[in-house]
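# Commentary on secondary and tertiary structure
The residues making up each chain are set out below.
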Amino acid sequence: MPRYDKSLDIDAMTPRQAKREHTRLQAEIAEHDKRYYQDDAPTVSDAEYDALRRRYNAIEQKFPDLVTQGSLSLTVGAAPARGFAKVRHTVPMLSLDNAFSEEDVVDFVERIRRFLKLADDEPITFLAEPKIDGLSMSLRYEDGELVRAATRGDGTEGEDVTANIRTLKDVPQKLKGRNLPAVCEMRGEVYMKKADFLALNERQTAAGGQVFANPRNSAAGSLRQKDPAITASRPLHFFAYSWGELTKVPEKTQSAMVAWMAARGFDTNPLSKVCKSVKELVAFHRSIGERRAKLDYDIDGVVYKVDRLDWQERLGFVSRSPRWAIAHKFAAERAETVLNGIDIQVGRTGALTPVAKLEPVTVGGVVVQNASLHNEDYIKGIGASGEAIRNGTDIRIGDTVVIQRAGDVIPQIVDVVLDKRPKSAKPYHFPAVCPACGSHAVREINLRTGKEDVVRRCTGGLICPAQAVERLRHFVARDAFDIEGFGEKQAEAFYADGLVMEPADIFTLRQRDARASKKLADREGYGETSVTNLFNAIDARRKVPLNRLIYALGIRHIGDINAKILARHYGTIEAFEEAATAADVPTDRKDKGNDAWQELNSIEGIGDVVAEAVVEFFNEKKNRAALKRLLAEIEVEPMEEARSDTPVAGKTVVFTGTLEKMTRDEAKAMAERLGAKVSGSVSKKTDYVVAGPGAGSKLKDAQKHGVTVMDEDGWFKLIGR
Ligand code: IVH
């Protein structure tokens, strides 16, 4: 059952207690939402979830001041339901008829002329606009205030995405100007720029999250987030081009309406143009088509709209499209070709990325022979929420695939032509070893959710050539071996010349240089002195504290703090290696793992993910061999002693309340590194209390004992950060 303190009766709460409980519930509900919507792995029943929501809403009802921007009640409207509330459009959201040729455009204009019984020489004015490839949105303003945002849905009923839309900078919360119609439903397109889409996919790939096939899917996925904070972190934009309910239509033409929307504070497309003949329409189509690849957002055609609104009114609709508008599509930037092979590239962080090797094909005027395949699941046809590949099928070598190229976006495989699949085509087996170094490559499993990370990574950190430079750079970094005169540049140059391929090589440089015919001192930018200095700097680091060595190994998730925790626990590199090698990662949630795993996993501050990374690293015998070669060159000392030369050395510190800039573990490790003692309770021996929001009795104790109290900023100031 929900873990709230039932003794805290809402009616008896002080505003302070209410605030704390509200914050706590908000975090708990957000976590459940994440497990439910993003991980697809809820840990509470719907009834339990609803109870949390009810309590949260009841607190807000009693303490309305708590309803701020971040409030969860703003995200799902009043109903504590999961999923988006449905919204009925007062004016349906229509779609557009398509034209694919100049002939279709001539027919469209002729139909209008006939319908309106216009003379052959009567000019018809159109507004021609780019057709943005995003998702249409209806924004309802009442007395100038944004009250509701709804997706198109089936045209009659859409989804309420108000809280998410409020995070878009392009959408005004309040319309500009005076004497506004009481109800203004402004419509247009939400879209993501191509560059933002690429950057997002890169971030998602690195973080093991969902990748999207194109900017449109990316915009849709970003908008349909239960947590508006996620939408807020995604760069979405909006162009206004149309309207729904409008209590008073202020202008007489489409073009004047667009200008009116711009004056109300909306972005409108700057490329739109008034055209007076078929010739002008077609010229517009051509010119936009030529600029298409260079635009920073995707378009899939242009739209022509009869400019006079009275004519639009008379023309009306056929089925679900207006007679007064048409979409003139571009020839698809898609093509079919054969997938000849799949290359696996290894990134600097060890991520294995599949790349499609295609029979060269021209798509939108460009020859394409490589396309992104994102990750293993994409090939298997199991994109996280079905957004990855369109028809949900797997991709096989030998398949005929549909390639899409949108502007300068990396070509994508968006479909597989199953009818053309050769009988011999077999499901693709993603390699379980790194193609660059032969070490095993694994997908981390989140033991809590049981879900696999989408990214498969090489575990041969110390020896993998694809990661070598990155690892060497990390190895010599400030918190690791900290070798003066051996930085990123040197790591790269020495690696490129085959002089330093792995950490141990750093320590044999002097010896090898003595025997070499081409000396380091002869290299450009070096001389006798600088080489001697470098060798001396290397020798100065032959003795290394255990925590620095553990950190330097570059094991995933092992930062400076975890390295200390592990060093403190195991005491020697041999004990650490032995324990990690003996540990078996449990295969499912019921399996508890062997003793070594349990010991590792139960170290305070070391969770499943970190423990698994440690085990994976030592499971790779190439890493163990590289470590052995390194240990032959260096001497490992016990963990670094606490420092005595800092402003907090020898002082006793208590951390209390919610820390916002660091975790408790980090705070503790940082204080200890600086020579302070961290205590759990306040006494007269305490020197400092660092209090975050929600600090309670410890704060009172501090006052009682006259102990100096500071917030996190005060702490950072004290330690000089
Ligand atoms: S006008 C009644 N103008 O295209 C007229 N639509 O294929 C409704 N679209 O659902 C649409 N750019 O999402 C219009 N400049 C533009 C557009 C545009 C993109 C989308 C819109 C609509 C779809 C119809």
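Further up the page is the structure itself.
These remarks concern the structure in this document. Keep in mind that this is a model prediction, so the values were computed, not measured. (Residues numbered from 1 in each chain as written. Predicted model: local features only at pLDDT ≥ 70, side-chain atom pairs only at ≥ 80, totals over all residues. Heavy atoms only, no water.)

## Regarding the overall build of the chain
Tallying secondary structure elements over the chain gives 25 helices and 28 strands in all. With respect to the three principal axes, the spread of C-alpha positions in the chain is 95 × 75 × 50 Å. Contacts spanning at least 24 positions in sequence make up 68% of the contacts within the chain whose residues lie at least 6 apart. Summed over all atoms, the accessible surface of the chain reaches about 34,900 Å², with 50% contributed by carbon and sulfur. On the chain, the mean spot of the 107 positive side-chain charges and the mean spot of the 107 negative ones are 2 Å from each other. (Helix = DSSP H or I, 4+ residues; strand = E, 2+ residues; numbered from the N terminus. Contact = heavy atoms within 4.5 Å. Areas by Shrake-Rupley, 256 points an atom, 1.4 Å probe, with all protein chains shown as cover. Lys, Arg positive; Asp, Glu negative; His and termini not counted. Charge placed at Lys NZ, Arg CZ, Asp CG, Glu CD.)

## Here's the deal with the side chain of T508
Within the fold, T508 resides in the loop between α14 (503-507) and α15 (509-515). A distance of 3.2 Å separates a polar atom in the side chain of T508 from the backbone oxygen of D505. (Polar contact = N/O pair within 3.5 Å; in protein donor to acceptor, adjacent residues only side chain to side chain.)

## Focus on helix α21 (residues 608-619)
With twelve residues, α21 ought to run about 16 Å at 1.5 Å a step, and its terminal C-alpha atoms sit 16 Å apart, in line with that. Restricting attention to buried positions, one finds in α21 the residues V610, A611, E612, A613, V614, V615, E616, F617 and F618. (Expected span 1.5 Å × (residues − 1). Buried < 20%, exposed > 50% of the residue type's maximum accessible area, 1.4 Å probe, protein only.)

## Details of the site of the ligand
Within the structure, the ligand sits among 13 residues, and E129, I132, E189, Y241 and K305 are positioned closest to it. E129 is positioned such that a nitrogen or oxygen atom in its side chain is 2.8 Å from a nitrogen atom of the ligand. Looking at the shell around the ligand, the elements that each hand over two or more residues are β3 (126-132) and β10 (299-306). When residues of the shell around the ligand are assigned to their parent elements, the largest contribution, four residues, is made by β3. For the shell around the ligand, the residue count by class is seven nonpolar, one polar and five charged. (Near = heavy atom within 4 Å. Nonpolar A, V, L, I, M, F, W, Y, C, P; charged D, E, K, R; others polar.)

## Some thoughts on helix α3 (residues 102-115)
With 14 residues, α3 ought to run about 20 Å at 1.5 Å a step, and its terminal C-alpha atoms sit 20 Å apart, in line with that. Buried residues of α3: V105, F108, V109, I112 and R113, and no others. The arc that holds the buried residues of α3, viewed along the axis, is 135°, so those residues lie on one side. Facing away from the buried side of α3, by more than 90 degrees, are the exposed residues E103 and R114. Lining the buried residues of α3 we find β2 (98-99), β3, α9 (278-291), β10, α10 (309-315) and β13 (325-329). In the stretch just after α3, K117 is the one whose phi turns positive, near 55°. (Arc of directions from axis to C-beta.)

## Section: the nonpolar core
Ranked by internal contacts, the top residues of the largest apolar core, which has 92 residues, are F486, I506 and L566. Examining the composition of this core, we find that seven residues originate from one element, α21, more than from any other. Not counting residues up to four positions away in its chain, the partners in contact with L566 are I550, I558, G571, F576, L600, I603, I606 and V614. Grouped together as the second largest cluster of nonpolar side chains are 34 residues, L139, M192, F197 and W243 included. (Core = buried A, V, L, I, M, F, W, Y, C linked by side-chain atoms within 4.5 Å.)

## Considerations on the packing of aromatic side chains
Here the structure, examined in full by the defined rule, presents 15 aromatic pairs. Look at Y141 and F266: their rings are 5.9 Å apart centre to centre, the planes differ by 85°, and that puts the pair in the edge-to-face class. You can see Y141 sitting in strand β4 (residues 135-142) and its partner F266 sitting in the loop between α8 (254-263) and β9 (273-275), a full 125 residues away along the chain. Take F266: its relative accessible area is 4%, and that puts it in the buried class. Summarising the aromatic geometry, the rings of F239 and Y297 are spaced 5.4 Å apart at their centres and angled 70° between planes, so their arrangement reads as edge-to-face. In this pair, F239 is assigned in strand β8 (residues 236-246) and Y297 in the loop between α9 and β10, connecting sequence segments 58 residues apart. Taking NZ or CZ as reference, K226 lies 4.6 Å from the ring centre of F84, over its face. (Phe/Tyr/Trp six-rings, centres within 6.5 Å; stacked < 30°, edge-to-face > 60°. Lys NZ or Arg CZ within 6 Å of the ring centre and 35° of its normal.)

## Some words on the pairing of strand β14 (residues 334-346)
Sheet analysis places β14 next to strand β17 (residues 400-404), joined by five bridges and oriented antiparallel. Counted as the bridge partner of A335 is I403 from β17. Here seven bridges tie β14 to strand β15 (residues 351-363), and the two strands are oriented antiparallel to one another. The residue of β15 that forms the bridge with V346 is L352. Connecting the antiparallel pair β14 and β15 is a turn made up of four residues, with G350 showing a positive phi of about 90°. (Pairing = 2+ DSSP bridges.)

## Comments concerning the sheet that holds strand β28 (residues 708-710)
Taken together, four strands build an open sheet; the order of strands is β26-β25-β27-β28 and the sheet is parallel. Edge positions in the sheet fall to β26 (677-679) and β28, since each of these pairs with one other strand and no more. Averaged over all pairs of adjacent strands, the angle between their axes in this sheet comes to 30°, without regard to strand direction. Here three bridges tie strand β27 (residues 688-691) to β28, and the two strands are oriented parallel to one another. Paired with V689 across the bridge in β28 is V709. On the sheet, helix α23 (residues 664-673) packs against β25 (652-656) and β26 and is oriented at approximately 170° with respect to β25. (Axes fitted to C-alpha atoms, helices over the stretch in contact; angles between N-to-C directions.)

## Observations concerning a positive patch on the surface
A grouping of R16, K19, R20 and K700 is seen on the molecular surface, where their side chains present a positively charged patch. The topology assignment puts K19 in helix α1 (residues 15-38). (Patch = residues over 30% accessible without salt bridge, like charges linked within 9 Å, V, L, I, M, F, W, Y side chains within 5 Å. Salt bridge = Lys/Arg side-chain N within 4 Å of Asp/Glu carboxyl O.)

## Examining the state of the cysteines
Scanning all chains against the criterion turns up zero disulfides. Looking at C434, it has no disulfide partner, and the nearest cysteine sulfur is the one in C458, 3.7 Å off. The buried category is assigned to C434, whose relative accessible area is 2%. (Disulfide = S-S within 2.5 Å.)

## Overview of the pattern of salt bridges
A side chain of one charge can pair with a side chain of the opposite charge if their charged atoms are brought near each other. Taken as a whole and judged by the stated rule, the model has 32 salt bridges. R523 is paired through a salt bridge with D497; the nearest N and O atoms lie 2.7 Å apart. Of this pair, R523 sits in the loop between α15 and α16 (528-539) while D497 sits in the loop between α13 (488-496) and α14, placing them 26 residues apart in sequence. Ionic pairing is found between D539 and R510, a salt bridge with its closest N-O pair at 2.8 Å. Placement of D539 in helix α16 and of R510 in helix α15 is noted, with a sequence separation of 29 residues between them. Here D539 falls in the partly exposed class, since its relative accessible area comes to 29%. By relative accessible area, which is 33% here, R510 ends up partly exposed. Through salt bridges with shared partners, one network takes in R140, E142, E185, R187 and E245.

## Looking at the environment of E574
Mapped onto the secondary structure, E574 falls in helix α19 (residues 573-582). The exposure class of E574 is exposed, given its relative accessible area of 52%. Counting along the chain gives 146 residues from E574 to Y428, while the straight-line C-alpha distance between them is 40 Å.

## Considerations on the environment of V282
Along the chain, V282 turns up in helix α9. Relative accessible area serves as the criterion here: at 10%, V282 is assigned to the buried category. For V282 and V302, which are 20 residues apart along the polypeptide, the C-alpha to C-alpha distance reads 9.8 Å. Other than its neighbours up to four places away in sequence, V282 contacts E102 and Y304.

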